[in-house]
Amino acid sequence: MRSLQSDVEQRGTRIFELVDKHPERLFSKAGFYQRLMALSMHDERFKTQLFRFVAVLPSLRRSSEIIQHLEEYFSGSNDGFSPLIGMGVRVARIFPWISAPVLRWNVSEMARQFIAGRNPHEVITTLRKRRAQKIGFTVDVLGEAVVSEAEADEYAALYGNLLEKLARETKDWTDPLGKNAELFPVVNLSVKISALYSQMSPAAPADAIAHLSTKLRPLLRRARELGAFINFDMESYALKNTTLELFKTILTEAEFKDWPHAGIVIQAYLRDSEGDLRDLIEWGRARGTRFAVRLVKGAYWDYETTKSDQNRSNPPVFLQKPESDANFEKLTRVLFENEAVVTPAFGSHNVRSIAHAQAVADELGIDRSRFEFQLLYGMAGPIKRALVEMGCRVREYCPIGELLPGMAYLVRRLLENTSNEGFLRAKFAENVPAKELLRDPKELIKPAVAENGDSRGHSGSNQKNGASLHAADGDSFRNAPLVSFIYKDSQDKMQSALREARKRFGEKHPLYIGGEKIWTDNLTPSVNPAEPTEIVGYGTEAGVEEAERAVKAARAAFEKWRWTPFEERAQLLERVADIMERRRYELSAVEVFEVGKAWSEADGDIREAIDFCTFYARQMRRLGRPKLTQQVPGEESYHHYLPRGVAFVIAPWNFPIAILCGMASAGVVTGNAVIMKPSEQSIVCGAMLMQVFEEAGVPPGVLNFLSGHGSVIGAHLVDHKDVDLIAFTGSREVGLKIWESAGITRPGQRELKRVICEMGGKNAMIVDADADLDETIMYSIYSAFGFQGQKCSALSRLILLEKNYDRVIERLIPAAASLRIGNPEQPGIMVGPVIDEPAYRRILEYIEIGKKEATLAYQAKEVPPHGYFIPPTIFTDVKPNMRIAREEIFGPVLSVLKVRDLDEALEVANGTDYALTGGFFSRSPDNIERIKARLEAGNVYINRSCTGAIVGRHPFGGFKMSGSGTKAGGEDYLLQFLVPRVVTENTSRHGFAPGQSPEYRDEFLWPKPRQ
Ligand SMILES: Cc1cc2nc3c(=O)[nH]c(=O)nc-3n(C[C@H](O)[C@H](O)[C@H](O)COP(=O)(O)OP(=O)(O)OC[C@H]3O[C@@H](n4cnc5c(N)ncnc54)[C@H](O)[C@@H]3O)c2cc1C
């Protein structure tokens, strides 16, 4: 008996022979495209620039814009293409009306190569040609990212329309194999769920399924009536579980339970794909009706690995290509073994994967008319032909759509075709021998490669874009990963934490002074802003007496703590981080109730608190050791730092654990004794943080917890002679008072008070004429309305160039209108309540001011009846001097300003008192450079949201009236909590100087700690 491997080799060789019989290039059209691809395969930088240029081109309307971008993207590169571009640009300058359209035409042709038609009419022509070649079809609608429900409705209508047209045009078509035709309807539509619902949140699959089912039912019903097939395509990992759940839920409904013509995709590059497939098969058996599975490797490998690297989490995909190939083969067998209930389709261009499927089918006695091979339109034509010649069932995946929406698809295809790892490149561009291409992938898996992000050699390294840079310390720092609410397990844990937190509503929290729990007669309630009748907990109210006691306790503790080795202090923070990690869901749940954060926002806050602890611990280890200033014979001069004394930390409610923890942990790790005062609106969160420090073993008095009124204890402590440092984050009004008051030297005061003052913002995002609108809308909406606009980094001024003003507004308003507003206890809510009644009233007042000053372009109509819910609001016709364009509102209110050009945009953006965050959406390299240089903001974000700073990666803080220029989560932050000192010793004796001094020495501690 022949082994499977030799069978695969024989079949593969046969396919190659057939392929070589009709030599054709890899891609169906020659010329321009071939040349670009060849260059891309040999030059990574060129490839990046090319893909970026291709992505922006359709949005450029004038020839001059095309020429300008061409020059910006390609001038200065060393590839063979630049002289060509240089010449092209020179010619284009003289004859722009000729060159630019030619270029656009060329790129259009390139896209058209992968797009079967711009409309149903064009696509039918293509499908007819394929029919003559005995190739079937599945049609997919290309699209822009769906940012609103209006757009999702349009897609649903498009799918419906397409289905009708395809059914009409193909009604007399018969099955190409004339066998088992009942398994393979002629009309086959591939659907992407992301096109049908704009508010999908991985944390809320039930919500997504409810919305998507409403859209899908009419489509499935009609498909059934027309005898058509619907396939659920698979997209990024974040949507995978929802897609699977949706598929199973809707097809178990009575109406569709016995309908066999629906299919779903399994991506073999996913580690959990085998589990998913087996689960589907079990579901199919229980359902009792056949369904189909298209097995693919997966189209989002680069995206998934980049996303995971950014979040420092394990990627859901295999990291070695042969692992995906081997898993594809494993799942091929699983499919065939369960052929009684599942109809398999294999979506691959890889001859080895295809030959293996053929061999396993034969081994298990499955007729080749009972499964199909599916290949993409515009790719691997010779392989399709070979398979038809071998009597296999072949279906082509045919995208339909306009050029602009098709660009993301085109770029994915370009990436695939030029990927170092891809089969097509190996076979058709590099002529790798057949024998090599047909090897068993299991043999190619390298056991030595560690299964984590570092194995690819780019994550965590200091190599950036090929250049070796001096790495800031933040570069190798590993942030705690965010909780992924994709997983049912995480969703369940959060639900259970919310239930537990609810049970503890009304709990009373003491003050902590000098390691003792202190109670007073006054308790302050902290309410749930989504349901103000619910009291989340009570804080004990400190008065001046307790404040005095806290200062004394801190002062006393400081004398010992300051001489505690920094290593011990750093370890304390690491224990705090570990405890927060262990209690992560519990802490998040309290935030949801106490300040109205959505799940992921609450988790982000706890993650940030953990990062502050681990980052500052690490920074302290760097700063803690005295460093030699210069190497000179006979003298040693060491520069080091001492703590300042007693630090008073005043934190806001909007990042109730992260900011409090960030400031307090910086104070503690640097050897100061800290009094922390949480905001009056987030006392319970503050108390929880204190509990965590207690559990971690913070010595008595080193950290004291004082809840109470800012006007009483805050003012008292700011002015106190024994307080050496004030770390404040909050409003400009309070911040400026502290700044002023701390400047007065009181009798008996030892030190000049250091004030760290982080205040508000009036953050602007500028949208360039060539911006990617999908991203612009998505990120602007998130930046403006995420956490109800209550982040100091939130977007409040959207500055649009008049050239694309209408296009942005057209999509922005429906996107805002689609947001999910509600009690954030529910998963997937984007807009919850604002913090309390005064905030609620103040924001409503600003909305009234806005109505008088500008045009109310949008305001949500429905918000929950209880709680402090403000409807997301957008004003247009806003002028820079209006109050709504100058004053911080701190709520879900967005002002849109129209400007002539980038000069004016910068003038407007920089024209406020603040400089906290700012953003820019553009695909012009020159304009991006200009904004990088000229936008006045402490944190400038390009082509992304302007919120969500990550410790170590985006040190956070502004200047002008936004703050004193400090950077929380940055490598110089701890310096604010320290005083520098230099110790110099003459080490020579009678002219004899010892050898070289070490660059670092031990701390100056006396008495020396025992080893
Ligand atoms: C008809 C059809 C429909 C499709 N539908 C979908 C769909 O709905 N959803 C979807 O996600 N994909 C889909 N794909 C798959 C995707 O678009 C790619 O075409 C496919 O992954 C390429 O695989 P291949 O077997 O042709 O080529 P090969 O060259 O053999 O494999 C390339 C693939 O290997 C994987 N890979 C690359 N590098 C690595 C690495 N270092 N470690 C691990 N794995 C790696 C990636 O998945 C990559 O795409 C479909 C493909 C076809 C043909």
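Structure report, in brief. Counting starts from 1 at the beginning of each chain's written sequence and moves along it residue by residue. The model is predicted, so local features are restricted to residues of pLDDT at least 70 and side-chain atom pairs to those at 80 or more, both for listing and for counting; the totals for chains, interfaces and linings are taken over all residues. Only hydrogens and water are set aside when side-chain values are computed; all heavy atoms of the structure are taken into account.

1. Focus: the overall build of the protein
Link 1 in the chain: Numbering of helices and strands runs from the N terminus, with a helix taken as a DSSP run of H or I at least four residues long and a strand as a DSSP run of E at least two residues long. From N to C terminus, the protein includes 34 helices and 32 strands.
Link 2 in the chain: Based on the C-alpha atoms only, the size of the protein along its principal axes is roughly 100 × 80 × 65 Å.
Link 3 in the chain: Scored against the burial criterion, the 1011 residues of the protein give a buried share of 59%.
Link 4 in the chain: Element-wise, carbon and sulfur atoms account for 52% of the exposed surface of the protein, whose accessible area totals about 40,700 Å².
Link 5 in the chain: Each charge sign in the protein was given a centre, from 129 positive and 132 negative side chains, and these centres are 3 Å apart. Buried residues are those whose accessible area, probed at 1.4 Å on protein chains only, stays under 20% of the maximum for their type, while exposed residues exceed 50% and partly exposed ones sit between those limits. The accessible surface values rely on the Shrake-Rupley method and a 1.4 Å probe; as for residues, cover is taken only from the protein chains in view. This count recognises Lys and Arg as positive and Asp and Glu as negative, with His and chain-terminal groups excluded. In plain terms, the charge of a residue is placed at NZ if it is Lys, CZ if Arg, CG if Asp and CD if Glu.

2. Description of the sheet that holds strand 15 (residues 531-540)
Link 1 in the chain: A strand pair is defined by DSSP finding two or more bridges across the two strands. Spatial ordering of the open sheet is given by 11-15-14, a layout of three strands whose pairing is mixed. Pairing within the sheet leaves two strands with one partner each, and these edge strands are strand 11 (507-509) and strand 14 (523-528). The mean inter-strand angle of the sheet, taken between neighbouring strand axes irrespective of direction, is 35°.
Link 2 in the chain: Strand direction decides the pairing type here: strand 11 and strand 15, joined by three bridges, are parallel. Residue pairing across strands places histidine 509 opposite glycine 539, the latter belonging to strand 15. Between N-to-C directions, angles span 0 to 180 degrees; the directions come from axes that are lines fitted to C-alpha atoms, helices contributing only their stretch in contact.

3. Some details on the site of the ligand
Link 1 in the chain: To be near a molecule or strand, a residue needs just one of its heavy atoms within 4 Å of it. Near the ligand, the surroundings consist of 31 residues, among which Gly298, Ser324, Ser348, Asn350 and Phe423 are the closest.
Link 2 in the chain: Here a nitrogen atom of the ligand sits 3.3 Å away from a polar atom, N or O, in the main chain of phenylalanine 318.
Link 3 in the chain: Between an oxygen atom of the ligand and a side-chain N or O atom of serine 348, the distance comes to 2.7 Å.
Link 4 in the chain: Across the complex, the protein chains shield 94% of the 940 Å² of accessible surface that the ligand would expose by itself.
Link 5 in the chain: For the shell around the ligand, the secondary-structure elements that each account for two or more residues are strand 4 (262-267), strand 5 (291-296), helix 13 (321-337), strand 7 (372-376) and helix 16 (403-418). Each polar contact in these results corresponds to two N or O atoms within 3.5 Å; when the atoms are within protein, one needs to be able to donate a hydrogen and the other to accept it, and residues that are neighboring in sequence are counted only if both atoms are side-chain atoms.

4. Regarding helix 25 (residues 658-669)
Link 1 in the chain: Between the first and last residue of a helix there are one fewer steps than residues, each counted as 1.5 Å, and that sum is the expected span. Here helix 25 contains twelve residues, and its C-alpha end-to-end distance of 16 Å stays within 8% of the 16 Å for a straight helix at 1.5 Å per residue.
Link 2 in the chain: Looking only at helix 25, the buried set comprises Ala658, Ile659, Leu660, Cys661, Gly662, Met663, Ala664, Ser665, Ala666, Gly667, Val668 and Val669.
Link 3 in the chain: Glycine 671 sits one or two positions beyond helix 25 and adopts a positive phi of about 95°.

5. Focus: the sheet that holds strand 30 (residues 939-942)
Link 1 in the chain: Taking strand neighbours across the sheet as the criterion, the seven strands line up as 25-26-27-24-23-29-30 in an open arrangement whose pairing is mixed. Pairing within the sheet leaves two strands with one partner each, and these edge strands are strand 25 (855-859) and strand 30. Averaged over all pairs of adjacent strands, the angle between strand axes in this sheet comes to 20°, irrespective of strand direction.
Link 2 in the chain: Pairing between strand 23 (residues 763-767) and strand 29 (residues 917-921): four bridges, direction parallel. Within strand 29, the position partnered with isoleucine 766 by the bridge is phenylalanine 920.
Link 3 in the chain: Residue contacts are counted whenever heavy atoms from the two residues lie within 4.5 Å of one another. Packed onto the sheet, helix 33 (residues 902-909) meets strand 23, strand 24 (795-801), strand 27 (893-899) and strand 29 and runs at close to 165° relative to strand 24.

6. With respect to the environment of histidine 639
Link 1 in the chain: Topologically, histidine 639 is positioned in strand 17 (residues 635-643).
Link 2 in the chain: Residue class for histidine 639 comes out partly exposed when judged on its relative accessible area of 31%.
Link 3 in the chain: A sequence separation of 567 residues divides histidine 639 from glutamate 72, and the C-alpha atoms of the two residues are 46 Å apart.
Link 4 in the chain: Setting aside residues up to four positions removed in sequence, histidine 639 forms contacts with Pro626, Lys627, Thr629, Pro980, Arg981 and Val982.

7. Looking at the nonpolar core
Link 1 in the chain: In this structure, Leu189, Ile230, Ile383 and Leu387 are the most contacted members of the largest nonpolar core, which totals 127 residues.
Link 2 in the chain: The set of buried Ala, Val, Leu, Ile, Met, Phe, Trp, Tyr and Cys residues whose side-chain atoms join them within 4.5 Å is what this entry labels a nonpolar core. Val592, Ile606, Tyr616 and Val674 belong to the second largest nonpolar core, which has 78 residues in total.

8. Brief notes about the packing of helix 20 (residues 488-503) against helix 23 (residues 584-595)
Link 1 in the chain: In the contact formed by helix 20 and helix 23, the axes pass within 8 Å of each other and the chain directions differ by 60°. As judged from the angle between their axes, helix 20 and helix 23 are oblique. Like other packed secondary-structure pairs, helix 20 and helix 23 cross with a definite hand, here right-handed. Contacts between helix 20 and helix 23 involve Ser490, Lys493, Met494, Ala497, Leu498, Ala501 and Arg502 on the former and, on the latter, Tyr585, Glu586, Ser588, Ala589, Val590, Val592 and Phe593. Small angles under 35 degrees read as roughly parallel and large ones over 145 as roughly antiparallel, with 65 to 115 read as roughly perpendicular and the rest as oblique. Crossing handedness is read from the near helix: turned anticlockwise from the far helix by less than a right angle, it gives a left-handed crossing, and turned clockwise, a right-handed one.

9. Digging into the pairing of strand 21 (residues 725-729)
Link 1 in the chain: For strand 21, the buried fraction is high: five of the five residues fall into the buried class.
Link 2 in the chain: Of the strand pairs in this sheet, strand 21 and strand 22 (residues 754-758) are connected by five bridges, and their pairing is parallel. Its bridge partner being in strand 22, isoleucine 726 is matched across the sheet by valine 755.
Link 3 in the chain: Chirality of the crossover, the property in question, places the unit of strand 21, helix 28 (residues 732-742) and strand 22 among those that are right-handed. Looking down the strands as they point away from you, a crossover is right-handed if its path from the first strand over the helix to the second goes clockwise.

10. Focus on the packing of aromatic side chains
Link 1 in the chain: Here is the rule: rings of Phe, Tyr and Trp (six-membered ring for Trp) pair when centre to centre is within 6.5 Å. Planes less than 30 degrees apart are stacked, more than 60 are edge-to-face, and the remainder are tilted. Within the structure shown, the criterion is met by 26 aromatic pairs.
Link 2 in the chain: Members of the aromatic cluster, joined through ring pairs, are Phe477, Phe612, Phe615, Tyr616, Tyr973 and Phe977.
Link 3 in the chain: Ring-over charges, as used throughout, are those where CZ of Arg or NZ of Lys falls within 6 Å of the ring centre and within 35 degrees of the ring normal. Over the ring of phenylalanine 328 we find lysine 297; its NZ or CZ atom is 5.1 Å from the centre of that ring.

11. Remarks on the side chain of serine 793
Link 1 in the chain: Tracing the sequence through the fold places serine 793 in the loop between helix 29 (773-785) and strand 24.
Link 2 in the chain: Contacts of serine 793, omitting those with residues within four sequence positions, involve Asn763, Leu916, Thr917, Cys946, Thr947 and Phe956.

12. Side note on unusual backbone geometry
Link 1 in the chain: A cis amide bond links tryptophan 1006 with the next residue in sequence, proline 1007, at an omega value of -5°.
Link 2 in the chain: Mapped onto the elements, proline 1007 comes out in the segment after strand 32 (978-986).
Link 3 in the chain: One non-glycine residue, arginine 312, lies in positive phi territory at about 55°.
Link 4 in the chain: Structurally, the position occupied by arginine 312 is in the loop between helix 12 (301-311) and helix 13.
Link 5 in the chain: Positive phi is not limited to glycine here, since phenylalanine 890 has a value of about 60°.

13. What to know about the packing of helix 1 (residues 4-21) against helix 15 (residues 381-389)
Link 1 in the chain: Running from N to C, helix 1 and helix 15 point in directions that differ by 120°, and their axes come no closer than 8 Å. The two elements helix 1 and helix 15 meet at a crossing, and its hand is right-handed. Contacts between helix 1 and helix 15 pair Ile15, Leu18, Val19 and Lys21 from the former with Pro382, Ile383, Ala386, Leu387 and Glu389 from the latter.
Link 2 in the chain: In the contact of helix 1 with helix 15, the residues fall into seven nonpolar, no polar and two charged. Note on residue classes: Ala, Val, Leu, Ile, Met, Phe, Trp, Tyr, Cys and Pro are nonpolar, Asp, Glu, Lys and Arg are charged, and everything else, Gly too, is polar.

14. Some remarks on the environment of glutamate 758
Link 1 in the chain: In this structure, glutamate 758 sits in strand 22.
Link 2 in the chain: Considered as a pair, glutamate 758 and methionine 961 are 203 residues apart in the sequence and their alpha carbons are 8.8 Å apart.
Link 3 in the chain: Leave out the neighbours within four places in its chain, and glutamate 758 touches Phe728, Thr729, Gly730, Phe956, Gly957, Ser962, Gly963, Thr966, Ala968 and Tyr973.

15. Considerations on the pattern of salt bridges
Link 1 in the chain: Each reported salt bridge corresponds to a side-chain nitrogen of Lys or Arg within 4 Å of a carboxyl oxygen of Asp or Glu. Tallying each qualifying case throughout the model produces 75 salt bridges.
Link 2 in the chain: The partner of lysine 192 in a salt bridge is aspartate 140, with the nearest N and O atoms 3.1 Å apart. On the criterion of sequence distance, the pair formed by lysine 192 in the loop between strand 2 (188-191) and helix 9 (205-226) and aspartate 140 in strand 1 (residues 135-141) is long-range, its members being 52 residues apart.
Link 3 in the chain: Aspartate 140 gets classed as buried once you look at its relative accessible area, which sits at 1%.
Link 4 in the chain: With a closest N to O distance of 3.3 Å, lysine 192 and aspartate 233 form a salt bridge. A residue pair is termed long-range when its members are at least 10 positions apart, and lysine 192 in the loop between strand 2 and helix 9 and aspartate 233 in the loop between strand 3 (229-232) and helix 10 (240-252) qualify at 41 residues.
Link 5 in the chain: On the basis of relative accessible area, lysine 192 is assigned to the buried category, the value being 16%.
Link 6 in the chain: Overlapping salt bridges bring together Arg504, Glu507, Arg582, Arg583, Glu586 and Glu695 as one network.

16. Structural notes on the side chain of threonine 289
Link 1 in the chain: Within the element layout of this structure, threonine 289 appears in the loop between helix 11 (273-287) and strand 5.
Link 2 in the chain: A distance of 2.6 Å separates a polar side-chain atom of threonine 289 from the backbone oxygen of lysine 257.

17. Details of the state of the cysteines
Link 1 in the chain: Cysteine sulfur atoms that come within 2.5 Å of each other are treated as a disulfide pair. Taken as a whole and judged by the stated rule, the model has zero disulfides.
Link 2 in the chain: The structure places no disulfide on cysteine 661, whose sulfur is separated from the nearest cysteine sulfur, that of cysteine 613, by 3.6 Å.
Link 3 in the chain: Left without a disulfide partner, cysteine 792 is nearest to the cysteine sulfur of cysteine 946, which lies 10 Å away.

18. Brief notes about the pairing of strand 18 (residues 646-650)
Link 1 in the chain: Burial runs high along strand 18: five of the five residues are buried.
Link 2 in the chain: Burial along strand 18 is two-sided: Val646, Phe648 and Ile650 facing one way and Ala647 and Val649 facing the other are all buried.
Link 3 in the chain: With helix 25 bridging strand 18 and its parallel neighbour strand 19 (residues 673-677), the resulting β-α-β unit is right-handed.

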